[in-house]
Amino acid sequence: MGHTSLEKLIRLQRKTSSIRNICILAHVDHGKTTLADCLVASNGIISTRLAGKVCLPLYYCILWESEYLINLIDSPGHVDFSSEVSTAVRLCDGAIVVVDAVEGVCPQTQAVLRQAWLENIRPVLVINKIDRLIIELKLSPQEAYTHLQKILEQVNAVTGTLFTSKVLEERAVKEVEVQEALSEPSSGELVYDWSAGLEETDDSHLYFSPDQGNVVFASAIDSWGFSIHQFAQIYCQKMGVRSEVLQKTLWGDFYLNAKAKKIMKGAQSKGKKPLFVQLVLDNIWSLYDAVVTRRDKEKVEKIVASLGLTVMARDLRHSDPKVLLSAICSQWLPVSQAVLSMVCEKLPSPSEIGAERVERLMSVGTRRFDSLPEKTQELKQVFLDCTSEETAPVIVFVSKMFAVDSKALPQNRQRPLTQEEITQRRDLARQRHAEKQAASQSAENPESANAGGTPAVTSANKEEEKEHFIAFARVYSGVVRRGQRVFVLGPKYDPALSLRTLPDGCSAADPLPSVPHLACCTLEHLYMLMGRELEELEEVPAGNVLGIGGMEEFILKSATISTSPACPPFTPLNFEATPIVRVAIEPKHPSEMPKLVRGMRLLNQADPCAEVLIQETGEHVLVTAGEVHLQRCLDDLRERFAKIGISASKPIIPFRETVIRPPKVDMVNEEMGRQQKVAVIHQAKDEQSKYPEGVHVDSTGLVTLTTPNKMATVGIRAVPLPEEVTRLLEGNSELIRTMEQFSLFAREGKTLEISQKTLEEIQGFKSKLEGLLQGHKWRNAVERIWAFGPRRCGPNILLNSVEGYRRPSVWQCVEREKEKSEAVMLRDFDNSIVSGFQLATLSGPMCEEPLMGVCFSVESWEIKFSSQLTQQDSVEEDSVSQQALEADNNASVKGCNEIKGGLKNVGDTTDCYGPFSGQLIAAMKEACRYAFQAKPQRLMAAMYTCEIMATADVLGRVYGVLSKREGRVLNEEMKEGTDMFIIRAVLPVAESFGFADEMRKRTSGLASPQLVFSHWEVISSDPFWVPTTEEEYLHFGEKADSANQALKYMNAVRKRKGLYVEEKIVEHAEKQRTLSKNK
């Protein structure tokens, strides 16, 4: 197929039914880019000989015989770049999922299928690298057929799991609604048949099956691929069987009865060759045998002649048999024809967008579609129509911003010069040359020659250095025109507020009052994205993917653009990878700091997953998803955005601090309490027990602390939370934040509207918490929760155990009626206690890292002076609390600073020790820290799940690398039909740097790990441990100087933060001796 003209593509953009927006998804190294290159080569964008051997950018436009415009977006397969997959999937209606025929379903395959499912886009399957079954595994056609069946089962199993979970969820919601609708509750216990929903729902269209036409078998590197439909067309005339019958029987347990000349069922039971093996695989295997294995020239010529192909003499004589194979296969079974015909037939056009997907896109945050304003709900039909009429409102979603060089922009592109321009430039060059000569000869005013030229050069350089951003977007409705005025809607934009504020029928061109998270801008440039090239457009109709220039001032990462203020912002993108790896960055030359700041701002805008922040210490920190992602971000900073030399610190590893129950066995697995205690040489424990004046710690771990002015006393006890509770709190931080906002509004006499769905989720969260906090010590604990922390939404709890003090519940939003009937007042300085708890949980005593899984129970709280003096403080405290919550909503570390800053204004109750509220905050913080230290302390490390595929001969080396880096193998299984093992392990993030490189070096590239952040895990060793029993002395020695992993991590963090570290500078000191030479 020849190169397509731009005019033809613009014409096709107006025909929505002929557009296909698709992306290619797969695990790393499964052949996505090779397949994309083959499809692009068929369109004449790159050479066919380069297909599979060059790496092109994201976007291509491809034309197919039936006049289809296919917007194809390639995506990376590495888990660190899964955010790029999310940005691609949002703009598409369909996806090509590529699976390696040898490796089968891998972790990232499951992740991309889940992302496609969450975005409601329809996938088709390409089983790639079938040539590996012939050349590497040397399988027979029959064995290969069985192997391919298993791979299809694996892929369908993943899809089936996603479908089942969705149906059961919907079924549960429906049952709850039915139960609520019943006026009288039934006396008997209701029994639900969960399988009923699965039986009723049709799921046949979800699964991949070759006879449905949504599977292609391919080898992209050898340029061939086919679907069952193609072979059905080939054999229908030869065999005299209808094409429809062949399409249904070519895949499955069917065989050809030669005597009866009929296709019959039961190939496996009768020991016959299935039709797929006999008619399809046997032919491909014989071609590989003749061309690659035996290099039989006569047989090759017969095959070429029988297929009616023309192969160039140069290819026949080539020393590499793969060249000849590719020449034959690309004509006989071109992969582009098979894949593109499947895309056009099986994947939907933009006008076929489903109602469910539209509702999901429009329901942002915790709001349900039903709760949106009426005008907003009316836009649903606009989405479904996907029309390009003049009256239709423009709705565009920008999924990411990407940086381009100014030279790549169409307006700056070099074009052939006309004869007049060449003459003009020659005259100008001559004139400059003459001026230079005159300047060199003139001694009176040598600067005169340069006076005119310098400013122009400087301005040109500045223009050239400027980085341009293009918004990667899709039009869902209306026609986008160049120069059009539109609204840019931020992620927190509320259409209900906007519709109340703005006049009816207003547009972005009118002068309007300011609305939060709403901006107006002009669309300066529209581009068609053609691989590396950009083509400027005047207008883009609905259903197309485009680039928009000049939006960098209005959009940070993603946004919704519309001409209607009733349009809601789209649901945020689903990112599989969590940013976890932090590094501090500084320029090599301090004078270049402004360039670094600008470069980091540009990087933050260009990368959907990277985060940039400035810590309290003034460090510029870059947060990335993994080691590979970090390296790419640093390279981008050096070469594109900052263009300066930068120094990056060692990765800043996040830890958490926690307490555990007292262990029952000691370090040598002896039961505690039965050993003979000995004198402790190390006085570390004694030193810890020396508490300052005003602090009392009893044997049960209760800490009582008095403020410096002796007017208030607090009693705190630290208790470890069950692991399940910690996980529940961590997973529901958004709900906790919503509850906290509601409580703050209620305190100010306002009401915060929360959707019914969110209230149900909060009620469910409360019920789960009650179910997990069982037992005598947790009696009525859920109702007594005072606050969550840090940042008011973390995985730690402050519990109210003060006798006679009842305060408003944190569950006010689900207990409104109860709260109205029972008016409960806050005590003065209630917020001081909460603020002290927030500060204590934000930085623990071990190494100033946040706490996790700790419950602080306030056992006593006494204030010894009159309430008249406290009113000013109390008012100030409320304002401080509000500041802190606003800071928390912005997910900023500044929250604690604002608390500290707000307290400086408290005036009436100050004494020589400062404001009383400030004293109480400090006392509460210190009490929490001492209570924490009174229990067995432990560090928690961030853990990666690690999945490694390796052959049996390198298995030992894989285990060696894992054990060296504190990894723990969870399970190991052999992949059926191959000699590959799948090893699943967990690995601390702190030990993961350089892990992938070391694994590849030790295994000669035969094993490559995929690391995904999984969870936080308690490090079992005590960082403060010293031997105290005879058994421990015998086992560890008097010095007990064997490596303590927790202590190593803790000291590394303390050193980085500039905290005191107890270590010996000189371990073994000896007097220096001078040895004279022997004479």
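An unreviewed UniProt entry lists the protein chain under the name Elongation factor-like 1, with Pygocentrus nattereri as the source organism.

1. So, the sheet that holds strand β26 (residues 703–706)
Taken together, six strands build an open sheet; the order of strands is β25-β26-β27-β30-β29-β28 and the sheet is mixed. At either end of the open sheet lies a strand with only one pairing partner, and these are β25 (695–697) and β28 (785–789). Here the average twist between neighbouring strands, direction ignored, is 20°. Sheet topology places strand β29 (residues 796–800) next to strand β30 (residues 854–863); four bridges connect them, and they run parallel. The residue bridging Leu 799 from the neighbouring strand is Ser 857, located in β30.

2. Quick word on the nonpolar core
Residues Ile 548, Met 551, Ile 585, Leu 622, Ile 948 and Phe 995 are the most contacted members of the largest nonpolar core, which totals 72 residues. In terms of residue count, strand β31 (residues 937–951) provides more of this core than any other element does, six residues in total. Setting aside chain neighbours within four positions, we find Ile 585 in contact with Leu 596, Met 600, His 620, Leu 622, Leu 634, Leu 637, Ile 646 and Ser 647. Of all hydrophobic cores here, the second largest spans 59 residues; its members include Ile 130, Leu 133, Phe 231 and Cys 236.

3. Focus: the pairing of strand β9 (residues 262–265)
Two strands pair when backbone bridges link them, and strand β8 (residues 254–257) and β9 are joined in this way by four bridges, in the antiparallel orientation. Following the sheet pairing, Leu 256 is matched in β9 by Ile 263. Here β8 folds back onto β9 in antiparallel fashion, the turn holding four residues, of which Lys 261 has a positive phi close to 55°.

4. Thoughts on the pattern of salt bridges
According to the stated counting rule, one finds 38 salt bridges in the structure shown. With its nearest N and O atoms 3.6 Å apart, the salt bridge here joins Arg 482 to Glu 536. On the criterion of sequence distance, the pair formed by Arg 482 in the loop between β12 (480–481) and β13 (485–489) and Glu 536 in strand β16 (residues 533–537) is long-range, its members being 54 residues apart. Overall, Glu 536 belongs to the partly exposed group, its relative accessible area being 25%. A salt bridge links Arg 632 to Asp 636; its shortest N-O distance comes to 3.9 Å. Of this pair, Arg 632 and Asp 636 both sit in helix α22 (residues 627–641), four residues apart, which is roughly one turn of that helix. Residue Arg 632 is classed as partly exposed on the basis of its relative accessible area of 29%. Owing to a relative accessible area of 16%, Asp 636 belongs among the buried residues under this scheme. Several salt bridges share partner residues, and in doing so they unite Glu 84, Lys 400, Asp 607, Arg 632 and Asp 636 into one network.

5. With respect to the sheet that holds strand β19 (residues 559–562)
Spatial ordering of the open sheet is given by β14-β13-β19-β10-β11-β18-β15-β16, a layout of eight strands whose pairing is antiparallel. Every other strand in the sheet has two partners, leaving β14 (518–522) and β16 as the edge strands with one partner each. The mean inter-strand angle of the sheet, taken between neighbouring strand axes irrespective of direction, is 40°. The pairing of β13 with β19 spans three bridges and is classified as antiparallel. Counterpart to Leu 489 in the pairing with β19 is Thr 560. Relative to the sheet, helix α1 (residues 6–13) contacts β15 (525–530) and β16, its axis offset from that of β15 by approximately 110°.

6. Describing unusual backbone geometry
Cis geometry marks the peptide bond from Gly 789 to Pro 790, where omega comes out at -5°. Here Pro 790 is to be found in the loop between β28 and β29. Of note, Glu 848 is a non-glycine position whose phi angle comes to about 60°, a positive value. Topologically, Glu 848 is positioned in the loop between α28 (830–842) and β30.

7. Some remarks on helix α24 (residues 723–731)
Where α24 is concerned, the buried positions are Val 725, Thr 726, Leu 728 and Leu 729. Burial along α24 is one-sided: seen end-on, the buried residues are contained in an arc of 165°. Exposed residues lying more than 90 degrees from the buried face of α24 are Glu 723 and Gly 731. At its buried positions, α24 is contacted by α25 (733–747), α26 (756–772), β28 and β29.

8. A look at the environment of Val 621
If you trace the backbone, Val 621 turns up in strand β22 (residues 620–624). Val 621 sits in the buried class, given a relative accessible area of 0%. Separated by 31 residues in sequence, Val 621 and Ile 652 place their C-alpha atoms 9.1 Å apart. Apart from the residues within four sequence positions on either side, Val 621 is in contact with Arg 582, Val 583, Ala 584, Met 600, Glu 611, Val 612, Leu 613, Gln 615 and Ile 652.

9. Focus: helix α10 (residues 275–293)
If you look at α10, its biggest bend is around 40°, right at Leu 281. Note on α10: the residue one or two positions beyond its end, Arg 295, has a positive phi of about 55°.

10. Brief notes about the packing of aromatic side chains
Aromatic rings in a pair are described by how distant their centres are and how their planes are angled relative to each other. In total, this model carries 25 aromatic pairs according to the counting rule given. With a centroid separation of 6.3 Å and 40° between ring planes, the pair formed by Phe 226 and Phe 276 is classed as tilted. Here the residue Phe 226 occupies a position in strand β7 (residues 224–226), and Phe 276 occupies one in helix α10, the gap between them amounting to 50 residues. The burial state of Phe 226 is the same as that of Phe 276; both residues are buried. By the ring-pair criterion, three or more aromatic residues cluster together here, those being Tyr 145, Phe 217, Trp 224, Phe 226, Phe 231, Tyr 235, Trp 251, Phe 276, Tyr 288 and Trp 332. When the ring centre of Phe 397 is taken as origin, the NZ or CZ atom of Arg 90, which lies over that ring, is 5.0 Å away. For Arg 474, the ring lying beneath its charged end belongs to Tyr 476, and the centroid distance is 4.6 Å.

11. Points about the confidence of the model for the protein chain
When the pLDDT values of the protein chain are averaged, the result is 79; 81% of them are 70 or greater. When pLDDT is averaged over each element of the protein chain, strand β24 (residues 655–659) comes out on top at 93 and helix α30 (residues 894–903) at the bottom at 36. Below a pLDDT of 50 lies the segment residues 183–192, which in the model reaches three contacts outside its immediate sequence neighbourhood of four places, other chains included. Residue range residues 866–908 is modelled with pLDDT below 50. Its contacts to residues more than four positions away, or to other chains, number 69 contacts.

12. Description of the environment of Ile 561
With respect to the element layout, Ile 561 can be found in strand β19. Taking relative accessible area as the criterion, Ile 561 reaches 1% and is therefore assigned buried. In sequence terms Ile 561 and Ala 473 are 88 residues apart; their C-alpha atoms lie 9.5 Å from each other. With residues up to four places along the chain from it excluded, the contact list for Ile 561 reads Val 394, Ile 395, Val 396, Val 398, Val 486, Phe 487, Ile 548, Met 551 and Ile 555.

Criteria and thresholds
Residues numbered from 1 in each chain as written. Predicted model: local features only at pLDDT ≥ 70, side-chain atom pairs only at ≥ 80, totals over all residues. Heavy atoms only, no water. Pairing = 2+ DSSP bridges. Helix = DSSP H or I, 4+ residues; strand = E, 2+ residues; numbered from the N terminus. Axes fitted to C-alpha atoms, helices over the stretch in contact; angles between N-to-C directions. Core = buried A, V, L, I, M, F, W, Y, C linked by side-chain atoms within 4.5 Å. Buried < 20%, exposed > 50% of the residue type's maximum accessible area, 1.4 Å probe, protein only. Contact = heavy atoms within 4.5 Å. Salt bridge = Lys/Arg side-chain N within 4 Å of Asp/Glu carboxyl O. Arc of directions from axis to C-beta. Bend = angle between axes of the 7 residues up to and from the residue. Phe/Tyr/Trp six-rings, centres within 6.5 Å; stacked < 30°, edge-to-face > 60°. Lys NZ or Arg CZ within 6 Å of the ring centre and 35° of its normal. pLDDT = per-residue confidence, 0-100.

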